[in-house]
Amino acid sequence: MDLLTIFLVMVLYGIAIALALLIVLVIILYIITDTYPVVERYKDEETYNDYLTNTKLRFPSILEEESVSLSVVVPAYNEEKRLPPMLDETIEFLENRQKENPSYKYEIIIVSDGSKDSTVKVAESYSIKYGSDKVKCLELIKNRGKGGAVRLGIQSSRGATILFADADGASKFEDLTKLEVALKDIVKCDPLKDVKTTSESLGIVIGSRAHLEKESLAKRNIFRNILMYGFHFLVWLFTVKGIKDTQCGFKLFTRKAARICFESLHVNRWAFDVELLYIAQKLNIPISEIPVRWTEIEGSKVTPVVAWIQMGFDLGLIWLKYRIGAWKIKSEKTE
């Protein structure tokens, strides 16, 4: 047997071993993976402080009927400094809207994701000022990750429409009107007037920073740009098609769409947006992407390089686990 033949045999043998190991790993992954999400929630996280009665009240469930027009869910981890400006802008906008339309009702749920600073104290101060019917704090005993925090907030909300917005206030809150116009086109009714119909319809509108990409490229170094393009490519390759910006923290859901999507959400970390949109596309839930104003706010807790690498890993898991059937989506497709 000549050297070339020996080499080819060794290569084929190595490939066979690698494939066998891969099959074993996939089988193990399938066996140890929970098919549907297991949502952890402690008893103390089921209630919030009501300062009008000085008692603890139980959070409602997204399985119940809507009782306000809009819920704003704000995930917050150590955001004592950036949270107040965001809440001031949000409440000013919503209070002005309520003055124009007294029947309009809203709530803001700040989800403190195991914060170590005074985030809870800041959130509770707004609850005291405006009342817990409008502003309440969901204090998580331990950190769940952004996806886990957003899910628990949304599953505790009362809104016919539900917006999740980042605590840094990077998105201009009044751009909510742009999202509502787009949602109106999807559900064929006015979210501000036809609350019940909107709640029971299916639709998602996401804010997008894609129009700001050229400006961002000029400010970032080459390595960060390579990572960003790599992440976008992986998103397109493995999961979500046709959406330019999956990660903008400004997304609006009808109540029914939020309930359906979040009940099948497995990812608790930064890539949760991608899985959320993946689920929506698989279920044929209409999605519209709308440009919004966005400003980078200092004080981010995220290390971009680490976050992108982590999200890339999560993207691979999302693709693999759905591909092999280890993860499944609870709800049936919509027509």
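The rules behind the values
- Residues numbered from 1 in each chain as written.
- Predicted model: local features only at pLDDT ≥ 70, side-chain atom pairs only at ≥ 80, totals over all residues.
- Heavy atoms only, no water.
- UniProt positions renumbered as here; feature names shortened; annotations may be inferred.
- Helix = DSSP H or I, 4+ residues; strand = E, 2+ residues; numbered from the N terminus.
- Buried < 20%, exposed > 50% of the residue type's maximum accessible area, 1.4 Å probe, protein only.
- Contact = heavy atoms within 4.5 Å.
- Areas by Shrake-Rupley, 256 points an atom, 1.4 Å probe, with all protein chains shown as cover.
- Pairing = 2+ DSSP bridges.
- Phe/Tyr/Trp six-rings, centres within 6.5 Å; stacked < 30°, edge-to-face > 60°.
- Lys NZ or Arg CZ within 6 Å of the ring centre and 35° of its normal.
- Core = buried A, V, L, I, M, F, W, Y, C linked by side-chain atoms within 4.5 Å.
- Patch = residues over 30% accessible without salt bridge, like charges linked within 9 Å, V, L, I, M, F, W, Y side chains within 5 Å.
- Salt bridge = Lys/Arg side-chain N within 4 Å of Asp/Glu carboxyl O.
- Axes fitted to C-alpha atoms, helices over the stretch in contact; angles between N-to-C directions.
- Parallel < 35°, antiparallel > 145°, perpendicular 65-115°, else oblique.
- Left-handed = near helix turned anticlockwise from the far one by under 90°.
- Nonpolar A, V, L, I, M, F, W, Y, C, P; charged D, E, K, R; others polar.

Per an unreviewed UniProt entry, the protein is named Dolichyl-phosphate beta-glucosyltransferase, and its organism is Bombyx mandarina. Looking at the protein in UniProt, the text filed under Subcellular location (unreviewed entry) is "Endoplasmic reticulum membrane".

Some details on the overall build of the protein
Looking only at helices and strands, the protein features eleven helices and nine strands. Seen through its C-alpha atoms, the protein measures out along the principal axes to roughly 90 × 45 × 45 Å. Buried residues in the protein amount to 49% of all 335 residues. Of the contacts made within the protein by residues no fewer than 6 positions apart, 81% connect residues no fewer than 24 positions apart. Surface summary for the protein: the accessible area is close to 17200 Å², and the carbon and sulfur share equals 59%.

Observations concerning unusual backbone geometry
Backbone geometry at Asn78 places phi at a positive 55°, although glycine is not the residue there. Along the chain, Asn78 falls in the loop between strand E3 (68-76) and helix H2 (83-100). Even without being glycine, Asn284 reaches a positive phi, approximately 60°. As for its position among the elements, Asn284 is in the loop between helix H10 (272-282) and strand E9 (287-291).

Re the UniProt feature "transmembrane region" (unreviewed entry) in the protein
UniProt marks residues 6-32 and 222-239 with the feature "transmembrane region" (unreviewed entry), using the numbering shown here. Note that residues 6-32 is 100% helix and 0% strand, and that its end C-alpha atoms are spaced 39 Å apart.

Focus on the pairing of strand E1 (residues 47-50)
Side chains of E1 alternate between two faces, with Tyr48 and Asp50 buried and Thr47 and Asn49 left unburied. With four bridges connecting them, E1 and strand E2 (residues 55-58) associate as antiparallel partners. The residue bridging Thr47 from the neighbouring strand is Arg58, located in E2. With antiparallel pairing between neighbouring strands as the criterion, E1 and E2 make up a hairpin whose turn holds four residues, including Asn54 at a positive phi of roughly 55°.

Overview of the UniProt feature "domain: Glycosyltransferase 2-like" (unreviewed entry) in the protein
Following the UniProt record, one finds the feature "domain: Glycosyltransferase 2-like" (unreviewed entry) at residues 71-179. Counting secondary structure, residues 71-179 comes out at 39% helix and 25% strand; the distance between its end C-alpha atoms is 14 Å.

Brief notes about the packing of aromatic side chains
Counted under the stated rule, the structure contains eleven aromatic pairs. Aromatic side chains Phe173 and Phe250 sit 6.1 Å apart centroid to centroid with 80° between the ring planes, which places their arrangement in the edge-to-face category. With a gap of 77 residues between them, Phe173 in the loop between strand E6 (159-165) and helix H5 (176-187) and Phe250 in strand E8 (residues 250-254) connect regions that are remote in the sequence. As far as burial versus exposure is concerned, Phe173 and Phe250 are alike and both buried. Of the aromatic side chains, those joined through ring pairs into one cluster are Phe164, Phe253, Phe262 and Phe272. One residue, Arg209, lies across the ring of Trp294, its end atom 5.3 Å from the ring centre.

Quick notes on the nonpolar core
Counting residues in each nonpolar core, the largest one holds 46 residues, and the members touching the most others are Ile154, Phe164, Ile204, Phe262 and Ile285. Per-element tally for this core: the top contributor is H10, with seven residues. Sequence-distant contacts of Phe262, defined by excluding residues within four places in its chain, comprise Val150, Arg151, Ile154, Gln155, Phe253 and Leu276.

Here we look at a nonpolar patch on the surface
A contiguous nonpolar patch, built from Leu4, Phe7, Leu8, Val11, Leu12, Ile15, Leu19 and Leu22 and spanning about 790 Å² of accessible area, is present on the exposed surface. Examined against the element boundaries, Leu4 turns out to sit in helix H1 (residues 3-32). The class of Leu4 is exposed, set by a relative accessible area of 56%.

Some thoughts on the packing of H2 against helix H3 (residues 119-130)
Between H2 and H3, whose axes approach to 10 Å, the crossing angle comes to 25°. As judged from the angle between their axes, H2 and H3 are roughly parallel. Crossing hand, H2 versus H3: right-handed. Here Leu83, Pro84, Leu87, Asp88 and Ile91 of H2 come into contact with H3, specifically with Thr119, Val122, Tyr126 and Tyr130. Taken together, the residues of the contact of H2 with H3 sort by class into seven nonpolar, one polar and one charged.

Digging into the environment of Ile128
Of note, Ile128 is situated in helix H3. Each C-alpha atom, one on Ile128 and one on Gly325, is 47 Å from the other, the two residues being 197 residues apart in sequence.

Quick look at helix H9 (residues 255-262)
Among the eight residues that make up H9, six are buried, leaving the element largely enclosed by the rest of the structure. For H9, every residue scored as buried is listed here: Arg255, Ala257, Ala258, Ile260, Cys261 and Phe262. The secondary structure elements touched by the buried residues of H9 are helix H4 (146-154), E6, helix H6 (195-199), strand E7 (204-208), E8 and H10.

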